[in-house]
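Here is what each chain is made of, one letter per residue.
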Amino acid sequence: MSRNKTSISQASILTDFKEITKMGLSISVVFSALAGYLLGADTLDVKTLVLLAFGGYFMVGASNAYNQIIERDLDALMDRTKNRPIPAGRMSVNMAFIIAASFTLLGLISLYIINPKTAMWGAISIFLYTSIYTPLKTKTPLAVFVGALPGAIPFMLGWVAAQNSFGIEPGTLFAIQFFWQFPHFWAIGWFLYEDYEKGGFFMLPTGKRDKGTAVQIVIYSVWTVIASIIPVFGFTGKLELSILGASVVFLLGVMMVVYAFRLFQQRTAKAAKELMLSSVFYITMLQIIYVADKFLR
């Protein structure tokens, strides 16, 4: 009996740890960073890959933990978040802060070992997410713009880790993921509108699920596709994309724009959720195609 209780307790602790650091999101961010590294690396270094993976996870996990500490009272009001460890009473604020601070330190050390510039961008990401984006979410829809800045860093971070420099190449990777976040998060804000409203969060550009928001979602979806195929024109230094690679990316982008236009036409939660899923598929496939194009070209 005691063994069963211990097993359940350990499973609960692990589940809460995964939730306070948003493991799924953190892993997706690590995936982006590793893709950026593979694009920027002249020769692959396993040590750098491992440090980037752990450092990236620690930094994102820390940001998520800080976010849940700050928003704990608002999280308790929303169905989507009321069962998170802190509002549900399964984890104390002090414990969450210990996790966040430890992850910050471990993340900065891991990224600094790679090179100081990588650690600097990681630190900027945490600062923007926790100190500016999080407080602004209840103040203005412009919070999404601010949140898109740290959200766009991971893809770029991998290139900086590989080259120890910032230029047109990581800037282009940043731009792709920056524009992509608007249709992605506005789609989430659309189908979770009522829940966000309970917490007082302003996630949609007009504050409403209206034509104005839908138009902006379509526009930013188009901008995402444009930014994604720029490397094919040879303007982005060492970051190159073949005609075949650009064609595949463009077709995937058209699919996302179609879902965005469908949301414009229907303005339903179902259409918004479909756009969100298509946007996740798009950015994942884009990163895979970019990497495959480099090594197969």
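Each value, and the rule that gives it
- Residues numbered from 1 in each chain as written.
- Predicted model: local features only at pLDDT ≥ 70, side-chain atom pairs only at ≥ 80, totals over all residues.
- Heavy atoms only, no water.
- Helix = DSSP H or I, 4+ residues; strand = E, 2+ residues; numbered from the N terminus.
- Rg over C-alpha atoms; globule rule 2.2 N^0.38 Å.
- Contact = heavy atoms within 4.5 Å.
- Areas by Shrake-Rupley, 256 points an atom, 1.4 Å probe, with all protein chains shown as cover.
- Phe/Tyr/Trp six-rings, centres within 6.5 Å; stacked < 30°, edge-to-face > 60°.
- Buried < 20%, exposed > 50% of the residue type's maximum accessible area, 1.4 Å probe, protein only.
- pLDDT = per-residue confidence, 0-100.
- Core = buried A, V, L, I, M, F, W, Y, C linked by side-chain atoms within 4.5 Å.
- Patch = residues over 30% accessible without salt bridge, like charges linked within 9 Å, V, L, I, M, F, W, Y side chains within 5 Å.
- Salt bridge = Lys/Arg side-chain N within 4 Å of Asp/Glu carboxyl O.
- Expected span 1.5 Å × (residues − 1).
- Bend = angle between axes of the 7 residues up to and from the residue.
- Axes fitted to C-alpha atoms, helices over the stretch in contact; angles between N-to-C directions.
- Parallel < 35°, antiparallel > 145°, perpendicular 65-115°, else oblique.
- Left-handed = near helix turned anticlockwise from the far one by under 90°.

Enquirer: Tell me about the overall build of the chain, and please be specific about residues and values.
Expert: Looking only at helices and strands, the chain has 13 helices and 0 strands in total. Going from the N terminus to the C terminus, the chain shows its helices and strands as α-α-α-α-α-α-α-α-α-α-α-α-α. On C-alpha atoms alone, the chain measures out to a radius of gyration of 20 Å, which is about the 19 Å that the 2.2 N^0.38 rule sets for 297 residues. Referenced to the eigenvectors of the C-alpha coordinate spread, the extents of the chain come out at roughly 60 × 50 × 35 Å. The long-range share in the chain, meaning contacts at least 24 apart out of those at least 6 apart in sequence, stands at 73%. Accessible surface, the chain as shown: approximately 14000 Å² in total, 68% of it carbon and sulfur.

Enquirer: Hey, could you go over the packing of aromatic side chains for me, with residue numbers and the actual values?
Expert: Enumeration according to the criterion identifies 20 aromatic pairs in this entry. For the pair Phe54 and Phe58, a centre-to-centre distance of 6.3 Å together with 35° between the ring planes defines the contact as tilted. Remark: Phe58 and Phe54 occur in helix H3 (residues 46-70); sequence separation between them is 4 residues, near one turn of the helix. Among the residues examined, Phe58 registers a relative accessible area of 16% and is labelled buried.

Enquirer: Explain the confidence of the model for the chain to me, and be specific about the residues and the numbers.
Expert: Across the chain, the average pLDDT comes to 92, with 96% of residues at or above 70. In the predicted structure, residues 1-8 sits below a pLDDT of 50 and forms 0 contacts with residues beyond four places in sequence or in another chain.

Enquirer: Could you give me a rundown of the environment of Asn67, with the residues and numbers involved?
Expert: The topology assignment puts Asn67 in helix H3. Taking the relative accessible area as the measure of exposure, Asn67 reaches 1% and is therefore buried. Setting aside residues up to four positions removed in sequence, Asn67 forms contacts with Arg84, Tyr129, Thr134 and Lys137.

Enquirer: Mind laying out the nonpolar core, listing which residues take part and the relevant values?
Expert: Counting 51 residues, the largest nonpolar core has Leu39, Tyr282 and Tyr290 as its most contacted members. For this core, the secondary structure elements donating two or more residues are helix H2 (23-40), helix H6 (116-136), helix H7 (143-151), helix H8 (153-163), helix H9 (168-191), helix H11 (211-229), helix H12 (243-266) and helix H13 (269-296). In this view, Leu39 contacts Phe155, Trp159, Leu173, Leu239, Tyr290, Val291 and Lys294; residues no more than four positions away in its chain are not counted. Ile20, Tyr37, Ala100 and Ile153 belong to the second largest nonpolar core, which has 30 residues in total.

Enquirer: Go over a nonpolar patch on the surface, please, and point to the residues and values.
Expert: On the surface, Val215, Ile219, Val222, Trp223, Ile226, Ile230, Phe233 and Phe235 cluster together to form a nonpolar patch covering roughly 740 Å² of accessible area. Structurally, Ile219 is set in helix H11.

Enquirer: So, H9: which residues are in play, and what are the values?
Expert: Helical geometry: 3.6 residues make up each α-helical turn, so side chains three or four residues apart lie on a common side. With 24 residues, H9 ought to run about 34 Å at 1.5 Å a step, and its terminal C-alpha atoms sit 36 Å apart, in line with that. Of all the bends in H9, the greatest, near 30°, is centred on Gln181, and the proline Pro183 appears no more than four residues after it.

Enquirer: Can you explain the side chain of Glu71? Please cite residues and give values.
Expert: Relative to the helices and strands, Glu71 resides in the loop between H3 and helix H4 (72-75). For Glu71, the contacting residues outside a window of four places in its chain are Thr134, Lys137 and Phe201.

Enquirer: Could you give an account of the side chain of Ser26, with specific residues and numbers?
Expert: Relative to the elements of secondary structure, Ser26 occurs in helix H2. Overall, Ser26 belongs to the buried group, its relative accessible area being 0%.

Enquirer: Describe unusual backbone geometry, listing the residues and the values that go with them.
Expert: Positive phi, close to 50°, is recorded for Lys22, a residue that is not glycine. Tracing the chain through its elements places Lys22 in the loop between helix H1 (2-20) and H2. Phi is positive for Arg267, which is not a glycine, with a value near 50°. The residue Arg267 is located in the loop between H12 and H13 in this model. On the accessibility criterion, Arg267 (38% relative accessible area) is partly exposed.

Enquirer: Break down the packing of H3 against H6 for me, citing the residues and quoting the values.
Expert: Interhelical geometry of H3 versus H6 gives an angle of 15° and a closest axis separation of 10 Å. By the angle between their axes, H3 is roughly parallel relative to H6. For H3 against H6, the interelement crossing comes out right-handed. The residues of H6 that touch H3, namely those facing Met59, Ala62, Ser63, Asn64, Tyr66, Asn67 and Ile70, are Gly122, Ala123, Ile126, Tyr129, Thr130 and Thr134.

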